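Architecture at a glance
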Amino acid sequence: MARPGSGLMVPGNGLGYPPQNLARVVVWEWLNEHGRWRPYSAAVCHHIENVLKGDARGTVVLGQVDAQLSPYIIDLQSMHQFRQDTGTMRPAQRNFYEPSSAPGKGVVWEWENDSGSWTPYDMEICVTIQNAYEKQHPWLDLTSLGFCYLIDFNSMCQTNRQSQRKRRLRRRMDLAYPLIMGSIPKSQSWPVGASSGQPCSCQQCILVNSTRAASNAILASQRRKLYGGTAGNPGATGTLAVVRQSNTFAGTSLWSPTSASSGPNNINISMGGGQAKAEKVQLPLSSANFPCSPMMPSLSSAHGHHALTINGQNITINGQNNLNRPGTQRISMGTARGAIPPGVPALPVKNLTGSGPVHPALAGMTGILMCAAGLPVCLTRAPKPILHPPPINKSDMKPVQGINGMRRKTKKKHLRRGKNPEDVVRRYTEKIKVVPDEDCTICMERLVMSSGYEGILQHKGIKPELVGKLGKCGHMYHLLCLVAMYNNGNKDGSLQCPTCKTIYGEKTGTQPPGKMEYHVIPHCLPGYLDSKTIRIVYDIPAGIQTNEHPNPGKKFSARGFPRHCYLPDNEKGRKVLKLLIMAWDRRLIFTIGTSSTTGESDTVVWNEIHHKTEFGSNLTGHGYPDPNYLDNVLTELSAQGVGEDNLKD
């Protein structure tokens, strides 16, 4: 049935946000590689809110509520989503909407993707679509929101204005998102207030607790100096207003800047929220008695904006719904670091990915000891990793020089390559007439004795007492032991010496079917500023294990795909790519096993050939600069039987 009324053009100023002292619907979101904030499901958001109530600095395990998110956790202290099996970190945010909006009613709008499944719209777009739908507009133009799409409610389809391609869309009902009461938090930074229960011994809690202890020690030291400095400097004047965070946190403001001091020597610091207890201390201040005073920012509030002053530089931050727009919270690191007075040591605190020159506990304890000795200390956090390059158009993706095509798929002929075990063993060994009196390292029996597999294996033409020597390395074994070892492997027509790992024949693996893409992108890697970048994209879907896998007939998962990896586009980088393509064709890049990071079994894991998955930094240890990486990966490829001698001239 046709919908009455005229269509709707979305206003360019976006959604409005009413006063902050009413009920709000909470939607947690994560930032994807295209710069779009993608919403978690309502069930996941309820789970996050429940964890937040118990520990505002804690860690949220998303797999507890959604099995598909089992590799992911959210660190509430840093407001980042962390993928445990790949080390990928993405910003997360806590957004707020009206209770009468789509998330408050449990309405989800979705579009049909190329695979025939349904993808939810970004929450801001979902709210806009639902608003137009309720007002019975026949169509909705999303151009002003940055999308060249036209929504037609009569046909329930989405049309691309440029390509004229149409996709189906649907409206479905789901669980309503969580509802909170009170003021909206104005910061991505979570509190460091006290928490109940026994302290945790994980690195994250060590970081928070040690930093808090250092901060308290600094404050106590400065108070002692200020009180003691009054008698020696009676002319010093000023006011220090301190608002302490209470032990309660019930969805209220976590960082509420108050009006700046009017006097030149006044410093106002407000920490806490609606439940905070204010304690104002009148203290005389002087630059001599407060060496860290240049680091203390003064904040003012006027007309919904907060002015932050650091070393005389004014920075204005939109005070309304700042948590919804984390970009407004990220003040330039150069400005913040420039505010550190000369001679004040800055201790870079180890971030959650495991990088950084100083362990968090060591940094916190060092801060305590230094400030106890009267030395000023500034604790800083390590920079965040750059996991992906800027968005790239398909027209900017070029083929790699010297390599045909831009995609490889697992070939069917590699999925099964059965060989007769006796023929394989005889091909790579020669019989020994005079057998030395030493152990067979497979069965651990003496070579002059019969194989330990006598009576267990019976192969025509291979007697238990026969001994063979491998052609390249010269190591000797019972022939029956080599047959047993071959039967226990991939049965691909190759042998690998169990002593020195020398490979005979073409070794293949058990990698599940998938595709590998590779192309050059117009960006450079750290340490390779004169070269463009080769990007490799691996994509393996979940499936069923076959006889070559640990549990035939059982499903296996494929977490974190597609996986993006990077190489420099130079001569050695292109050589590594050629060998990686060869390893892919031989099914050696991945295998099915147990993840060493998540502990999940029956999942696709890396197979001892390291890749660089961090594009613009090396904070996770899987990025650049790393001057030894290309040589190291060539060694790893050679250990899998994929050496430079395999390359054609």
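Structure report, in brief. As the structure is a computational prediction, the values presented were derived from the model and not from experiment.

Read from one edge to the other, the open sheet built from three strands follows the order 24-25-26, with strand pairing classed as antiparallel. This sheet does not close on itself; its edge strands, each paired only once, are strand 24 (429–431) and strand 26 (476–478). Across the sheet, the mean angle separating the axes of adjacent strands is 40° when strand polarity is ignored. Relative to strand 25 (residues 467–470), strand 24 is paired through three bridges, and the arrangement is antiparallel. Residue pairing across strands places Thr429 opposite Leu470, the latter belonging to strand 25.

On to the side chain of Arg83, then. Along the chain, the position of Arg83 falls in strand 6 (residues 80–83). Since its relative accessible area comes to 5%, Arg83 is described here as buried. Polar contacts involving the side chain of Arg83 include one to the side chain of Tyr72, which spans 2.4 Å. Once you skip the residues sitting within four places of it in the chain, Arg83 turns out to touch Pro71, Tyr72, Thr88, Arg559 and Gly560.

Attention shifts here to the pairing of strand 7 (residues 89–97). Among the nine residues in strand 7, nine count as buried, and that is most of the element. Side chains of strand 7 alternate between two faces, with Met89, Pro91, Gln93, Asn95 and Tyr97 and Arg90, Ala92, Arg94 and Phe96 buried alike. By the bridge criterion, six bridges tie strand 2 (residues 24–31) to strand 7 in an arrangement that is antiparallel. Bridge pairing in strand 7 links Trp28 to Arg94. Taking the residues that link successive antiparallel strands as the turn, the strand 6-strand 7 hairpin has five residues, and the phi of Gly87 there is positive, at about 80°.

A separate point is the pattern of salt bridges. Scanning all chains against the criterion turns up 27 salt bridges. As a salt-bridge pair, Glu134 and Lys105 come within 2.6 Å of each other at their nearest N and O atoms. Here Lys105 lies in helix 2 (residues 102–105) and Glu134 lies in helix 3 (residues 123–134), a separation of 29 residues in the sequence. Between Arg559 and Glu600 there is a salt bridge, with its nearest N and O atoms 3.0 Å apart. In this pair, Arg559 sits in the loop between strand 32 (555–556) and strand 33 (563–568) while Glu600 sits in the loop between strand 34 (590–593) and strand 35 (603–606), placing the two residues 41 residues apart along the sequence. Both residues of the pair, Arg559 and Glu600, count as buried. Among the charged side chains, a network of salt bridges with common partners joins Glu110, Arg170, Arg172 and Asp174.

Criteria and thresholds
- Residues numbered from 1 in each chain as written.
- Predicted model: local features only at pLDDT ≥ 70, side-chain atom pairs only at ≥ 80, totals over all residues.
- Heavy atoms only, no water.
- Pairing = 2+ DSSP bridges.
- Helix = DSSP H or I, 4+ residues; strand = E, 2+ residues; numbered from the N terminus.
- Axes fitted to C-alpha atoms, helices over the stretch in contact; angles between N-to-C directions.
- Buried < 20%, exposed > 50% of the residue type's maximum accessible area, 1.4 Å probe, protein only.
- Polar contact = N/O pair within 3.5 Å; in protein donor to acceptor, adjacent residues only side chain to side chain.
- Contact = heavy atoms within 4.5 Å.
- Salt bridge = Lys/Arg side-chain N within 4 Å of Asp/Glu carboxyl O.

Taken by themselves, the reported measurements are silent on function.
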